[in-house]
Amino acid sequence: MSHTATAPAAVHDRERDLPYYEPVGNECALFEQAYQQRLPLLLKGPTGCGKTRFVSHMAAKMGRPLFTVSCHDDLTAADLTGRYLLQGGETRWVDGPLTRAVREGGICYLDEVVEARKDVTVVLHPLTDDRRMLPLERTGELLEAPKDFMLVVSYNPGYQHILKSLKPSTRQRFVAMSFDFPPPR
């Protein structure tokens, strides 16, 4: 049997193994377009409307590793980028999920990004503009994001305290997509 004869079945099997997500509109095409254009993506919508499921689905569909971080008010930039740790009597640098996503060309998904401390958004800025760089001050490295790296963040507008919202200087760096609960079937 030729390789081309098995390709459609392989594609069908892969599609069947994807995390379930039922598109409501053109969100899958918009995600793919943002990825191809190397643009960061901001997903906004209420808790439970499918943002995280959507990102998992798209990462699997595109064959990219996914690094998901649930943000909270104790999350620091070092939690994302990495830190030196003592292991077996030696001090060793350990990459955080954002750094791993950049190094491996994956998708880094920061869920509820407004819940993180302010130093987190500062670290994101050089990754979300045309530089697409991640400076690691502690190691002296300046990582250039490969073409297959993507940053996706989400938040639930209206649920946070008024002081917890994305600053315009951060929000304007992202392509924004609004989500809501899917219609009943």
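Residues numbered from 1 in each chain as written. Predicted model: local features only at pLDDT ≥ 70, side-chain atom pairs only at ≥ 80, totals over all residues. Heavy atoms only, no water.

Enquirer: I'd like a rundown of the overall build of the chain, residues and numbers included.
Expert: A tally of helices and strands in the chain yields 7 helices and 9 strands. Residues counted as buried form 41% of the 185 residues belonging to the chain. Intrachain contacts of the chain at a sequence separation of at least 6 include 75% that bridge at least 24 residues. On the chain, roughly 10,500 Å² of surface is accessible, and the fraction owed to carbon and sulfur atoms is 53%. (Helix = DSSP H or I, 4+ residues; strand = E, 2+ residues; numbered from the N terminus. Buried < 20%, exposed > 50% of the residue type's maximum accessible area, 1.4 Å probe, protein only. Contact = heavy atoms within 4.5 Å. Areas by Shrake-Rupley, 256 points an atom, 1.4 Å probe, with all protein chains shown as cover.)

Enquirer: Tell me about the nonpolar core, and name the residues and values.
Expert: Within the largest apolar cluster, 29 residues are counted, with the highest numbers of intra-cluster contacts made by L98, L110, L134, F149 and L151. Of all the secondary-structure elements, those providing two or more residues to this core are β2 (66-70), α4 (77-81), α5 (97-104), β5 (107-111), α6 (118-124), β6 (133-136) and β8 (150-155). Not counting chain neighbours up to four residues away, the residues in contact with L98 comprise L80, C108, V123, L124, L127, L134, F149 and L151. (Core = buried A, V, L, I, M, F, W, Y, C linked by side-chain atoms within 4.5 Å.)

Enquirer: Hey, could you go over α5 for me, with residue numbers and the actual values?
Expert: Every buried residue of α5 is accounted for by L98, T99, A101 and V102. Summarising the axial view, the buried residues of α5 lie within an arc of 160 degrees, below the 170-degree limit, and thus occupy one face. Count one or two residues on from α5 and you reach G105, which has phi positive near 65 degrees. (Arc of directions from axis to C-beta.)

Enquirer: Run through the packing of aromatic side chains, naming residues and quoting values.
Expert: Under the counting rule described, the total for this entry stands at 4 aromatic pairs. Taking the centre distance of 5.1 Å and the plane angle of 55 degrees together, the rings of Y21 and F54 count as tilted. Pair noted here: Y21 is in the loop between α1 (3-16) and α2 (27-36) and F54 is in helix α3 (residues 51-62), with a separation of 33 residues, a long-range link. Residues Y84 and W93 carry aromatic rings whose centres are separated by 5.2 Å and whose planes lie at 70 degrees to one another, so their mutual orientation is edge-to-face. According to the relative accessible area criterion, Y84 is partly exposed, its value standing at 43%. (Phe/Tyr/Trp six-rings, centres within 6.5 Å; stacked < 30°, edge-to-face > 60°.)

Enquirer: Provide a residue-level description of the sheet that holds strand β1 (residues 41-44), including the pertinent values.
Expert: Taken in spatial order, the 5 strands of this open sheet run β2-β5-β8-β1-β9, and their pairing is parallel. Only two strands of the sheet have a single neighbouring strand rather than two, namely β2 and β9 (175-178). Direction aside, the axes of adjacent strands within the sheet are offset by 20 degrees on average. The pairing of β1 with β9 spans 4 bridges and is classified as parallel. For L41, the partnering residue across the bridge sits in β9 and is V175. Across the sheet, α2 touches β1, β5, β8 and β9, and the angle it forms with β8 is around 135 degrees. (Pairing = 2+ DSSP bridges. Axes fitted to C-alpha atoms, helices over the stretch in contact; angles between N-to-C directions.)

Enquirer: Got a sec to walk through the pattern of salt bridges? Specific residues and values, please.
Expert: Under the definition given, this model contains 9 salt bridges. A salt bridge links D148 to R64; its shortest N-O distance comes to 3.4 Å. Taken as a pair, D148 in the loop between β7 (141-144) and β8 and R64 in the loop between α3 and β2 lie far apart in primary sequence, 84 residues in all. Among the residues examined, D148 registers a relative accessible area of 22% and is labelled partly exposed. (Salt bridge = Lys/Arg side-chain N within 4 Å of Asp/Glu carboxyl O.)

Enquirer: Can you lay out the packing of α2 against α3 for me, pointing to particular residues and giving the numbers?
Expert: The geometry of α2 relative to α3 is characterised by a closest axis approach of 11 Å and an angle of 60 degrees between their N-to-C directions. When the interaxial angle is binned, α2 and α3 end up oblique. The chirality of how α2 crosses α3 is right-handed. Residues E27, C28, F31, E32 and Y35 of α2 form the contact with α3, whose own contacting residues are F54, M58, K61 and M62. Each residue belonging to the contact of α2 with α3 can be placed in one class, and the counts come to 6 nonpolar, no polar and 3 charged. (Parallel < 35°, antiparallel > 145°, perpendicular 65-115°, else oblique. Left-handed = near helix turned anticlockwise from the far one by under 90°. Nonpolar A, V, L, I, M, F, W, Y, C, P; charged D, E, K, R; others polar.)

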